[in-house]
Amino acid sequence: MKFVVFYMVVLIVICYEKEENANVFYSSDIILSKDSFKTIDTIKQVEDSLTLLTSEDLKRLSIPYINEIISHSKMYSIDAELVAGIIKQESQFNHYAKSNKNAIGLMQVIPNKAGQEVNKMLYKKDEPLEDSLLYNPSFNIKIGCAYIYNMEKYYFKGINNEISKRYCLISGYNTGVGNVVKTFVSEEDMKNVEGYDSLKGYYRFKAKIQVAIQKINSMSSIEVREHLENNLPNDETINYLDRVTSYIENWKDSVNQVELAMN
């Protein structure tokens, strides 16, 4: 009886998502209505602690490519649910997806941008990745995970609150680290930082990141989310953050409903 109830709940969730996404393709360069997917009321109920979906939870939800997602996210110490949420928003799990900006595959990797950055990091080759490689689901997920790892390790590592860090990673995956940093600190803010004017290039940017992280760490995750909502440079990234966060929260709700039905 428990198995039948579990099966029915999972089937309802899958059918709902298929109906919701019928004839719709969400790409990172499609701008959605800012008000369409607002989840601020939900976000305000989230505590400053991050409860993750387990590998078994994700498998029970029948998320496509979940074994590859779990494997590569574990390799780079990234939350599997975050990777799954980004893939759903980027390509709706279509590994043949390609945008008009040449973003390719499940995680919509651009060969001469994120692809080249990860190629240099992993394979010591400062050149774009081949398009054909990025159509391979497992390889594409590996590159996307490595890119998220790179953002976390080199830019957002100092953020103390895991939910705040997740909001920055999601936004950064869509719009770039620089635009996320700009929402928290401006050039005007940096005028009071001793020695900033003498810094050049990467070191100048790193100094700006440190100031941004200090500001982020002085805020709750709710305040960070609201700040991003109010200051990100375009509606696309605001909606992107809303969407990815909502997917993850909906999956968690589905798991909770299954567990309640089985008890």
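Below: a short report on this structure. (Residues numbered from 1 in each chain as written. Predicted model: local features only at pLDDT ≥ 70, side-chain atom pairs only at ≥ 80, totals over all residues. Heavy atoms only, no water.)

### Describing the overall build of the protein chain
Then, in step 1: The helix and strand tally for the protein chain stands at 14 helices and zero strands.
Then, in step 2: Going residue by residue from the N terminus, the α and β elements of the protein chain occur as α-α-α-α-α-α-α-α-α-α-α-α-α-α.
Then, in step 3: By the burial criterion, 49% of the 263 residues in the protein chain qualify as buried.
Then, in step 4: Here the contacts in the protein chain between residues at least 6 apart in sequence split such that 69% fall between residues at least 24 apart.
Then, in step 5: Taken as a whole, the protein chain presents about 13,500 Å² of accessible surface, with 51% of it coming from carbon and sulfur. (Helix = DSSP H or I, 4+ residues; strand = E, 2+ residues; numbered from the N terminus. Buried < 20%, exposed > 50% of the residue type's maximum accessible area, 1.4 Å probe, protein only. Contact = heavy atoms within 4.5 Å. Areas by Shrake-Rupley, 256 points an atom, 1.4 Å probe, with all protein chains shown as cover.)

### Examining empty space enclosed by the protein
A probe matching the size of a water molecule, rolled over the atoms, marks out where space remains unfilled.
Then, in step 1: Applying the stated criterion to the full structure yields two cavities of 30 Å³ or more.
Then, in step 2: When its volume is computed, the second largest cavity comes out at roughly 30 Å³.
Then, in step 3: Phe 156, Val 180, Val 181, Phe 184, Ile 209, Ala 212, Ile 213 and Ile 216 are the residues that line the second largest cavity.
Then, in step 4: Within the residue set of the lining of the second largest cavity, elements represented by two or more residues are helix 10 (177-184) and helix 12 (201-217).
Then, in step 5: For the lining of the second largest cavity, the element with the most residues is helix 12, which contributes four residues. (1 Å grid on protein atoms, 1.4 Å probe; cavity = no way out; pocket = protein on both sides within 12 Å on 5 of 7 lines; lining within 4 Å. Points joined across faces, edges and corners; volume = space filled by probe spheres on them.)

### Some points on the pattern of salt bridges
Then, in step 1: Here the structure, examined in full by the defined rule, presents 11 salt bridges.
Then, in step 2: With a closest N to O distance of 3.4 Å, Arg 60 and Asp 57 form a salt bridge. Taken as a pair, Arg 60 and Asp 57 lie in helix 3 (residues 55-60) at a separation of three residues, close to a single helical turn.
Then, in step 3: Arg 60 sits in the partly exposed class, given a relative accessible area of 25%.
Then, in step 4: One salt bridge connects Lys 191 with Glu 188, and the closest N-O pair in it is separated by 3.2 Å. (Salt bridge = Lys/Arg side-chain N within 4 Å of Asp/Glu carboxyl O.)

### Focus on the layout of surface pockets
Then, in step 1: Roughly 460 Å³ of internal volume is contained in the second largest pocket.
Then, in step 2: Taken together, 20 residues line the second largest pocket, and the ones lying closest to its centre are Ile 110, Lys 113, Tyr 173, Asn 174 and Thr 175.
Then, in step 3: Of all the secondary structure elements, the ones that give two or more residues to the lining of the second largest pocket are helix 6 (114-123), helix 9 (162-175) and helix 14 (235-262).
Then, in step 4: Top element by residues in the lining of the second largest pocket is helix 9. It accounts for four residues.
Then, in step 5: For the lining of the second largest pocket, the class distribution of residues is six nonpolar, eight polar and six charged. (Nonpolar A, V, L, I, M, F, W, Y, C, P; charged D, E, K, R; others polar.)

### Describing helix 4 (residues 66-75)
Then, in step 1: Taken together, the buried positions of helix 4 are occupied by Ile 66, Ile 69, Ile 70, His 72 and Ser 73.
Then, in step 2: Elements that come into contact with the buried residues of helix 4 comprise helix 3, helix 5 (80-91) and helix 8 (137-154).
Then, in step 3: Taken from the residues just after helix 4, Ser 77 is the one with a positive phi, measuring 55°.

### A short note on the nonpolar core
Then, in step 1: Counting residues in hydrophobic clusters, the biggest one holds 65 residues, and the most contacted among them are Ile 63, Ile 69, Met 107, Ile 148, Phe 156, Tyr 173 and Phe 184.
Then, in step 2: The contacts of Phe 184, once residues within four sequence positions are left out, are Cys 168, Asp 189, Ala 212, Lys 215, Ile 216, Met 219, Val 224, His 227 and Leu 228. (Core = buried A, V, L, I, M, F, W, Y, C linked by side-chain atoms within 4.5 Å.)

### Section: the side chain of Gln 108
Then, in step 1: Mapped onto the fold, Gln 108 is located in the loop between helix 5 and helix 6.
Then, in step 2: On the basis of relative accessible area, Gln 108 is assigned to the buried category, the value being 6%.
Then, in step 3: Separated by 3.3 Å, the side chain of Gln 108 and the backbone oxygen of Ala 97 make a polar contact. (Polar contact = N/O pair within 3.5 Å; in protein donor to acceptor, adjacent residues only side chain to side chain.)

### Remarks on a nonpolar patch on the surface
Then, in step 1: Nonpolar side chains collect at one region of the surface, where Tyr 154, Tyr 202 and Tyr 203 lie side by side and expose about 360 Å² of accessible area between them.
Then, in step 2: If you trace the backbone, Tyr 154 turns up in helix 8.
Then, in step 3: Taking relative accessible area as the criterion, Tyr 154 reaches 34% and is therefore assigned partly exposed. (Patch = residues over 30% accessible without salt bridge, like charges linked within 9 Å, V, L, I, M, F, W, Y side chains within 5 Å.)

### Considerations on the packing of helix 9 against helix 10
Then, in step 1: Remark: helix 9 packs on helix 10, axes separated minimally by 7 Å, with the N-to-C direction vectors making an angle of 125°. Relative to helix 10, the element helix 9 lies oblique. For the pair helix 9 and helix 10, the contacting residues are Cys 168, Ser 171, Gly 172 and Thr 175 in the first and Val 177, Asn 179, Val 180 and Phe 184 in the second.
Then, in step 2: Counted by class, the contact of helix 9 with helix 10 contains four nonpolar, four polar and no charged residues. (Axes fitted to C-alpha atoms, helices over the stretch in contact; angles between N-to-C directions. Parallel < 35°, antiparallel > 145°, perpendicular 65-115°, else oblique.)

Bear in mind that shape data such as this cannot, by itself, settle questions of function.
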